[in-house]
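Read off the chains here:
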Amino acid sequence: ILNVEQSPQSLHVQEGDSTNFTCSFPSSNFYALHWYRWETAKSPEALFVMTLNGDEKKKGRISATLNTKEGYSYLYIKGSQPEDSATYLCATHSGAGSYQLTFGKGTKLSVIP
Amino acid sequence: ETGVTQTPRHLVMGMTNKKSLKCEQHLGHNAMYWYKQSAKKPLELMFVYNFKEQTENNSVPSRFSPECPNSSHLFLHLHTLQPEDSALYLCASSYGYEQYFGPGTRLTVT
């Protein structure tokens, strides 16, 4: 994997369903992984930053895991609500001295009431 | 509000115009960034400033000219743009490696 890839590109779920999506990234030269939540016409909002293999982070109904050896992270949303509708962005950070984040194209989630 | 503001939120300009985008952060951060998002593409980093000094320029055409007069303000000066430059331009700031974004300027070049 040369770039940060996210799947699926978009999905629709019913309110109350749980869902998850994937971020894949090059496992070499990895320093940190960021998840952002981006609602239409608003600023991307930071959800999690993870650095260590096996890291798990949780904020309310949203959680994320990280596997740096195989180069992937999962984002889980439990009991989706309409307000969870947004694009979820994943980005990797290649080193402590670099400011550059490499973003995936995002997963657009629509939660149907 | 994240503490990073951008003006204007929408801009329509002709190819011969000169305009500027403004970004301001009140978070006490030392680094500021310009990103571009085109349709169906990921966010692309354009420029990075750290303590007012430009540290990265990702091969951006010279028709985009950044300016960082202090750590709280960042400008993107635009001149003789092309229609393919129409995109959402996002500003961000950071202290460490966690970046905080503004809401973006939607630019349309006619």
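Everything that follows concerns the structure shown earlier in this document.
Here the structure is a predicted model, which is why all the values come from computation and not from measurement. (Residues numbered from 1 in each chain as written. Chains lettered and ligands numbered in written order. Predicted model: local features only at pLDDT ≥ 70, side-chain atom pairs only at ≥ 80, totals over all residues. Heavy atoms only, no water.)

Student: Hey, could you go over the overall build of chain B for me, with residue numbers and the actual values?
Tutor: Of regular secondary structure, chain B possesses zero helices and 11 strands. Reading the helices (α) and strands (β) of chain B from amino to carboxyl end gives β-β-β-β-β-β-β-β-β-β-β. A compact globule built from 110 residues should have a C-alpha radius of gyration of about 13 Å, and chain B, at 13 Å, falls within 12% of that. Taken over the C-alpha atoms alone, chain B extends approximately 35 × 25 × 25 Å along its principal axes. Split into buried and exposed, the 110 residues of chain B put 48% on the buried side. Considering only residue pairs separated by 6 or more positions, chain B has 52% of its internal contacts joining residues 24 or more positions apart. Separation of charge centres in chain B, based on 10 positive and 9 negative side chains, amounts to 8 Å. (Helix = DSSP H or I, 4+ residues; strand = E, 2+ residues; numbered from the N terminus. Rg over C-alpha atoms; globule rule 2.2 N^0.38 Å. Buried < 20%, exposed > 50% of the residue type's maximum accessible area, 1.4 Å probe, protein only. Contact = heavy atoms within 4.5 Å. Lys, Arg positive; Asp, Glu negative; His and termini not counted. Charge placed at Lys NZ, Arg CZ, Asp CG, Glu CD.)

Student: Can you tell me about the side chain of Arg37(A), naming the residues and giving the values?
Tutor: Residues and elements named next belong to chain A. For Arg37, the location among the structural elements is in strand β4 (residues 32-38). Of note is the side chain of Arg37, whose polar atom sits 2.3 Å from the backbone oxygen of Glu83. At 3.4 Å, the side chain of Arg37 forms a polar contact with the side chain of Tyr88. Ignoring any residue separated from it by four or fewer positions in sequence, one finds Arg37 in contact with Ser43, Pro44, Glu45, Leu47, Glu83, Asp84, Ser85, Ala86, Thr87 and Tyr88. (Polar contact = N/O pair within 3.5 Å; in protein donor to acceptor, adjacent residues only side chain to side chain.)

Student: Help me get a handle on the pairing of strand β5 (residues 44-50) of chain B, residues and values and all.
Tutor: All names here are of chain B. Most of β5 sits inside the fold, with six of its seven residues counted as buried. Inspection of the sheet shows strand β4 (residues 31-37) paired to β5 by six bridges, in the antiparallel sense. By the bridge assignment, Tyr35 is partnered in β5 with Leu45. Relative to strand β6 (residues 53-57), β5 runs antiparallel, the two sharing four bridges. (Pairing = 2+ DSSP bridges.)

Student: Provide a residue-level description of the sheet that holds strand β8 (residues 73-79) of chain B, including the pertinent values.
Tutor: Residue and element names in this part refer to chain B. On the basis of which strands lie adjacent, the open sheet formed by four strands has the order β1-β3-β8-β7 and antiparallel pairing. In the strand order of this sheet, the two ends are held by β1 (4-7) and β7 (64-70), each with one partner. Put simply, the sheet's adjacent strands are angled 20° from each other on average, direction ignored. (Axes fitted to C-alpha atoms, helices over the stretch in contact; angles between N-to-C directions.)

Student: Explain the interface of chain A and chain B to me, using residue names and the numbers behind them.
Tutor: The interface is formed by 21 residues belonging to chain A together with 26 residues belonging to chain B. Both faces combined, the contact of chain A with chain B buries some 1800 Å², and carbon together with sulfur accounts for 60% of it. Where chain A touches chain B, the interface holds zero salt bridges. Taken together, the connections running from chain A to chain B amount to four residue pairs in polar contact (both at pLDDT 80 or more). Secondary structure elements with two or more residues in the side of chain A that touches chain B: β4, β5 (45-50), β9 (86-93) and β10 (101-103) of chain A. With four residues, β4(A) is the single largest residue contributor to the side of chain A that touches chain B. (Buried area = accessible area lost by both parts, 1.4 Å probe. Salt bridge = Lys/Arg side-chain N within 4 Å of Asp/Glu carboxyl O.)

Student: Pulling in residues and values, what's your account of the packing of aromatic side chains?
Tutor: All names here are of chain A. Considering all chains together, one arrives at 11 aromatic pairs over all chains under this definition. Taking the centre distance of 5.0 Å and the plane angle of 40° together, the rings of Tyr72 and Tyr74 count as tilted. For Tyr72, a relative accessible area of 22% translates into the label partly exposed. Judged by relative accessible area, Tyr74 falls into the partly exposed class, the value being 28%. Each ring, one from Tyr74 and one from Tyr76, has its centre 6.1 Å from the other, and the planes form 70°; the classification is edge-to-face. (Phe/Tyr/Trp six-rings, centres within 6.5 Å; stacked < 30°, edge-to-face > 60°.)

Student: Account for the side chain of Ser93(B), naming residues and giving values.
Tutor: All names here are of chain B. Among the secondary structure elements, Ser93 is positioned in strand β9 (residues 87-94). For Ser93, a relative accessible area of 0% translates into the label buried. A distance of 2.8 Å separates the side chain of Ser93 from the side chain of His29, its partner in a polar contact. Residues within four places of Ser93 in sequence aside, it is in contact with Val4, Gln25, Leu27, His29, Ala31, Met32, Tyr33, Glu98, Gln99 and Tyr100.

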